[in-house]
Amino acid sequence: VTLFSKLKNQNKKLTNSVKSEKSKATRADKIFNDLATVKREWSDYNIDFESQISRIPDISDQSRIFNVIFDIIKKSEIKVIGWSPSKFPVEEKTIFIPDTNEEIMISKYPIDIEVICTFPDFGVLLEKLRSSEHRISVSNVNIIEKGGTERQTINFIVYTYYQTAL
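Nothing here was measured: the structure is a model prediction, and the numbers come from that model. (Residues numbered from 1 in each chain as written. Predicted model: local features only at pLDDT ≥ 70, side-chain atom pairs only at ≥ 80, totals over all residues. Heavy atoms only, no water.)

**What about the overall build of the protein chain?**
Broken down by element type, the protein chain carries 3 helices and 5 strands. With respect to the three principal axes, the spread of C-alpha positions in the protein chain is 105 × 45 × 25 Å. By residue count, 28% of the 166 residues in the protein chain fall in the buried class. Summarising the internal contacts of the protein chain: among those between residues at least 6 apart in sequence, 67% fall at separations of at least 24. Charge separation in the protein chain, taken as the distance between the mean sites of 24 positive and 23 negative side-chain charges, equals 15 Å. (Helix = DSSP H or I, 4+ residues; strand = E, 2+ residues; numbered from the N terminus. Buried < 20%, exposed > 50% of the residue type's maximum accessible area, 1.4 Å probe, protein only. Contact = heavy atoms within 4.5 Å. Lys, Arg positive; Asp, Glu negative; His and termini not counted. Charge placed at Lys NZ, Arg CZ, Asp CG, Glu CD.)

So, in structure tokens, the structure goes:
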């Protein structure tokens with residue numbers, strides 16, 4: 001009877017041990033699968049990040065980018081009555097790129113612009129700016145309505161972004 005009890009207890013311990021190891025293996029498999037998902041997501045984010053960075057020109061192209069933006073507005077047949085690019089950035093961020101071990105400075109420069117156009121023409125202009133190959137954003141849109149005419153005075157800020165290797 002004692003031998004049978006000892007064997008029964010050993011069997012119970014081994015069964016519990018196997019269950020515990022199976023549980024650990026299941027958790028390890030889940031963690032491994034989650035890690036693969038995180039790696040895929042990281043890769044996707046990294047590709048998107050690199051794409052965004054590639055749309056940011058070097059600071060030496062600033063004058064050319066200003067001209068590109070002005071040309072987009074002029075080709076839209078919109079009258080420019082105010083154009084005031086800033087000589088200084090309103091924001092700067094240092095970014096470390098792990099793949100290349102490079103550090104770059106991203107600088108954000110505003111251009112205060114005032115135009116006269118219709119609402120639909122301004123909408124088309126915004127779409128042209130959005131689809132630019134360069135990183136550009138628009139904010140602070142202020143529309144000054146003029147009664148009796150469909151053309152309005154519109155003030156807005158276009159932000160241009162530039163990178164500098166550190």
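**A word on the layout of surface pockets**
Its volume calculated, the largest pocket comes out at about 180 Å³. Along the walls of the largest pocket sit Gln52, Ile53, Ile56, Glu91, Glu92, Lys93, Ile95, Ile106, Ser107, Lys108, Arg135 and Tyr161, which together make up its complete lining. Listed by contribution, the elements that provide at least two residues to the lining of the largest pocket are helix H1 (2-54), strand E2 (91-97) and strand E3 (102-117). In terms of residue count, E2 provides more of the lining of the largest pocket than any other element does, 4 residues in total. Residue composition of the lining of the largest pocket, by class: 5 nonpolar, 2 polar and 5 charged. (1 Å grid on protein atoms, 1.4 Å probe; cavity = no way out; pocket = protein on both sides within 12 Å on 5 of 7 lines; lining within 4 Å. Points joined across faces, edges and corners; volume = space filled by probe spheres on them. Nonpolar A, V, L, I, M, F, W, Y, C, P; charged D, E, K, R; others polar.)

**Examining the packing of aromatic side chains**
Summed over all chains, the structure comprises 3 aromatic pairs. Geometrically, the ring pair formed by Phe70 and Trp83 is edge-to-face, given 5.0 Å between the ring centres and 85 degrees between the ring planes. Of the two residues, Phe70 is situated in helix H2 (residues 62-75) and Trp83 in strand E1 (residues 79-85); the sequence distance between them amounts to 13 residues. According to the relative accessible area criterion, Phe70 is partly exposed, its value standing at 28%. According to the relative accessible area criterion, Trp83 is partly exposed, its value standing at 27%. With a centroid separation of 5.6 Å and 70 degrees between ring planes, the pair formed by Tyr109 and Tyr162 is classed as edge-to-face. Here Tyr162 lies in strand E5 (residues 152-165) and Tyr109 lies in strand E3, a separation of 53 residues in the sequence. Comparing Tyr109 with Tyr162 shows no difference in burial state: the two are buried. Here the basic side chain of Lys108 rests over the ring of Tyr159, its NZ or CZ set 4.3 Å away from the ring centre. The side chain of Arg135 reaches across the aromatic face of Tyr161, ending 5.1 Å from its centre. (Phe/Tyr/Trp six-rings, centres within 6.5 Å; stacked < 30°, edge-to-face > 60°. Lys NZ or Arg CZ within 6 Å of the ring centre and 35° of its normal.)

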